[in-house]
Amino acid sequence: MTEKGVWNGQEGLRTVDPEVYRTILAEAEREKNSLVMIASENYASRAVIEAQANVMTNKYAEGYPGARYYGGCEFVDRVERLAIDRVKRLFGSEHANVQPHSGSQANMAVYLSFLKPGDTILGMELSHGGHLTHGSPVSFSGKFFKPLFYRLDPETQRIDYDEVRSLARRHRPGMIVAGASAYPRLIDFSIFAEIARETGAYLMADMAHIAGLVAVGLHPSPVGHADFITSTNHKTLRGPRGGFILSREEYAEKLDKGVFPGTQGGPLMHIIAAKAVAFGEALGHEFADYQKQVLVNAATLANEILSHGFDLVSGGTDNHLILMDLTRKGITGLEAERILGKAGIVANKNTVPYDKQGPRVTSGLRLGTPALTTRGLKEAEIRLVARLIRDLLENPESEETLKRARGLVSELCDSFPIY
Ligand code: DSN
């Protein structure tokens, strides 16, 4: 294969479409020159990014390795098998499907394969940290299925497993979903499995946020507990955008049919090549060190933010993210996102449990450490970032504070370069 077919250094793009080329360069500059604290984002490696820009985008490969509906699939078969073998090894799973275009599509494939329209899904309420696809009425999951939600305990702000159990006993859902997009604590998949067994429900673990931690044993694994495990590749796992599903062998055939032809057509083979690269990277020794630092950095961030007098949902974190509750400070999540954004700290507003504000405003700010850790920031720099956040949120009108913060963000970005 020629070098050109794999990666052309964007020579073609620069000439053929300078407008798109320049826009991509601008995005690269933005990513380089800001502190990315969106808990679901990361910086994929150059190898992962290169692997997506290749000729496999040309190939139709409906079906699965060795059983395609198109000729000429010998090399895409090889790359998909590599991705499957590596992700199975990474998580110790019997079966893997690496074709879902996203986490949402992974969840859709599971529901549509194992539930009937109108069946009940029991998931964490979106405003308490769940995900749109866990039954929200604005998503297919809440339109085609009957949604039912568990909420966080108002005192501890942690999952109330007794409530999950009592809802499951009363409503007998077809599927229980364990997983979240803004929950800073460990999830006990074994209790969820016990509840699912007792009430005759399937258990789906959506580990998208914590997949990297799970891969190296820093968060208890849902494998062995959940019937289906869905994930994205691009959060703590640091791969390309997209998703995958793990299951026991007994579900393999039905699940694969649920992805193709159930919910998707041709798989994105160039992205599957990049998934293989990312899973390979995650199997390496350095990945465990990276994940350990993600946790240390998140714990440091939590302690610092608390020591500066802010509230955190559940009082801290066990994983890669914290959720600031700004209610007592009289500032909304939307305002906080804007204030930090002006200084080059990119985060997102987020509802907190029992939020009085709606999802477009919110009372919370979600902050994560996966991307900063990829840049190489450690405890000392995280403490500095926490001080910047405090200064900015406490002096939103101060030009001097903003100027100083911009300067420090820029120094940090220069000292910890990416790409
Ligand atoms: N949208 C993602 C997040 O930011 O958490 C979840 O899919």
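Scoring rules and cut-offs
- Per chain, residues are indexed from 1 in the order of the written sequence.
- Under the rules for a predicted model, residues below a pLDDT of 70 receive no local features and side-chain atom pairs below 80 are neither given nor counted, while totals for whole chains, interfaces and linings still include all residues.
- Only hydrogens and water are removed before side-chain values are computed, so all heavy atoms of the structure are retained for them.
- Aromatic rings from Phe, Tyr and Trp, taking only the six-membered ring of Trp, are treated as a pair when their centres fall within 6.5 Å; an angle between ring planes under 30 degrees marks them as stacked, one over 60 as edge-to-face, and anything in between as tilted.
- The secondary structure listing takes helices from DSSP runs of H or I that are at least 4 residues long and strands from runs of E that are at least 2 residues long, numbered from the N terminus.
- Throughout, nonpolar core names a set of buried Ala, Val, Leu, Ile, Met, Phe, Trp, Tyr and Cys residues whose side chains join them through atoms within 4.5 Å.
- Residue burial is assigned from relative accessible area. The probe radius is 1.4 Å, only protein chains are included, and a residue is buried under 20% of its type maximum, exposed over 50%, and partly exposed in between.
- Pairs of residues are marked as contacts when any of their non-hydrogen atoms sit within 4.5 Å.
- Whether a residue is near a molecule or strand is decided by its heavy atoms; if any one of them lies within 4 Å of it, the residue is near.
- Each polar contact in these results corresponds to two N or O atoms within 3.5 Å; when the atoms are within protein, one needs to be able to donate a hydrogen and the other to accept it, and residues that are neighboring in sequence are counted only if both atoms are side-chain atoms.
- Here the open area of atoms and residues is found with the Shrake-Rupley method and a 1.4 Å probe, where only the protein chains shown may cover a residue.
- Residues are grouped as follows: nonpolar covers Ala, Val, Leu, Ile, Met, Phe, Trp, Tyr, Cys and Pro; charged covers Asp, Glu, Lys and Arg; every other residue, Gly included, is treated as polar.
- When a carboxyl oxygen of Asp or Glu lies within 4 Å of a side-chain nitrogen of Lys or Arg, that pair is called a salt bridge.
- Pairing between strands is defined by DSSP: at least two bridges between them are needed.
- Note on geometry: axes are C-alpha line fits, over the in-contact stretch for helices, and angles between N-to-C directions span 0 to 180 degrees.

### A word on the packing of aromatic side chains
As enumerated under the stated definition, the model contains 16 aromatic pairs in all. With 5.5 Å between their ring centres and 75° between their planes, Tyr161 and Phe192 make a pair best called edge-to-face. Placement of the pair is Tyr161 in helix α8 (residues 161-171) and Phe192 in helix α9 (residues 189-199), with a sequence separation of 31 residues. Taken together, a centroid distance of 5.4 Å and an interplanar angle of 80° make the contact between Phe244 and Phe279 edge-to-face. With a gap of 35 residues between them, Phe244 in strand β10 (residues 243-247) and Phe279 in helix α12 (residues 269-283) connect regions that are remote in the sequence.

### Describing the nonpolar core
Membership of the largest hydrophobic core comes to 56 residues, with the highest contact counts inside it found for Phe91, Ile159, Ile176, Phe192, Met207, Leu237 and Phe244. No other element matches the 7 residues that helix α5 (residues 74-91) contributes to this core. Those residues in contact with Leu237 that sit more than four places away from it in its chain are Leu90, Phe91, Ala211, Gly212, Ala215, Thr232, Phe244, Phe279, Ala282 and Phe287. By size, the runner-up hydrophobic cluster in this structure holds 36 residues, among which are Leu372, Leu388, Leu393 and Cys413.

### Description of the site of the ligand
The environment of the ligand is formed by Ser40, His131, Ser181, His209, Lys235 and Arg366. At 2.8 Å from an oxygen atom of the ligand is found a side-chain nitrogen or oxygen belonging to Arg366. Bound to the protein, the ligand loses 63% of the 240 Å² it would expose on its own. Among the residues making up the shell around the ligand, the classes are represented as no nonpolar, 4 polar and 2 charged.

### So, the pattern of salt bridges
Under the defined criterion, the tally for this structure stands at 19 salt bridges. Here Glu194 ties to Arg165 by a salt bridge, and the two come within 3.1 Å at their closest N and O atoms. Here the residue Glu194 occupies a position in helix α9, and Arg165 occupies one in helix α8, the gap between them amounting to 29 residues. Across the pair Asp391 and Arg390 runs a salt bridge, and its minimum N-O distance is 3.0 Å. Take Arg390: its relative accessible area is 23%, and that puts it in the partly exposed class. Through salt bridges with shared partners, one network takes in Arg165, Arg169, Glu194 and Glu198.

### Thoughts on the side chain of Thr362
For Thr362, the location among the structural elements is in the loop between β14 (348-350) and β15 (364-368). Its relative accessible area of 1% is what places Thr362 among the buried residues. Of note is the side chain of Thr362, whose polar atom sits 3.3 Å from the backbone oxygen of Gly364. With residues near it in sequence (within four places) discarded, Thr362 still touches Thr332, Gly333, Leu334, Lys349, Asn350, Thr351, Asp355 and Gln357.

### Description of the sheet that holds strand β11 (residues 311-312)
Across the sheet, 4 strands lie side by side as β11-β12-β15-β14; this open sheet has antiparallel pairing. At either end of the open sheet lies a strand with only one pairing partner, and these are β11 and β14. Across 5 bridges, strand β12 (residues 321-325) lies against β15 in antiparallel orientation. Among the inter-strand pairings, Leu323 is bridged to a residue of β15, identified as Arg366. Sitting on the sheet, helix α13 (residues 285-307) touches β11, β12 and β15, and the angle it makes with β12 is about 20°.

### Examining unusual backbone geometry
Looking along the chain, the bond that leaves Phe260 and enters Pro261 is cis, with omega of 10°. Its place among the elements puts Pro261 in helix α11 (residues 252-263). With a phi close to 65°, Arg238 is a non-glycine residue in the positive phi region. For Arg238, the location among the structural elements is in the loop between β9 (228-232) and β10. Phi at Tyr354 takes a positive value of approximately 60°, unusual for a residue other than glycine. You can see Tyr354 is positioned in the loop between β14 and β15.

### Brief notes about the sheet that holds strand β6 (residues 146-150)
Here we have 7 strands laid out as an open sheet, ordered β4-β10-β9-β8-β7-β5-β6, and mixed in their pairing. Every other strand in the sheet has two partners, leaving β4 (95-97) and β6 as the edge strands with one partner each. Geometrically, the sheet is characterised by an average inter-axis angle of 20° between neighbouring strands, direction not taken into account. Direction of pairing for β4 relative to β10: antiparallel, over a ladder of 3 bridges. In the sheet register, Asn97 faces β10, and the bridge partner there is Ile245. In this fold α9 packs onto β6, β7 (175-179) and β8 (202-206), with an angle of close to 175° to the strand it touches most, β7.

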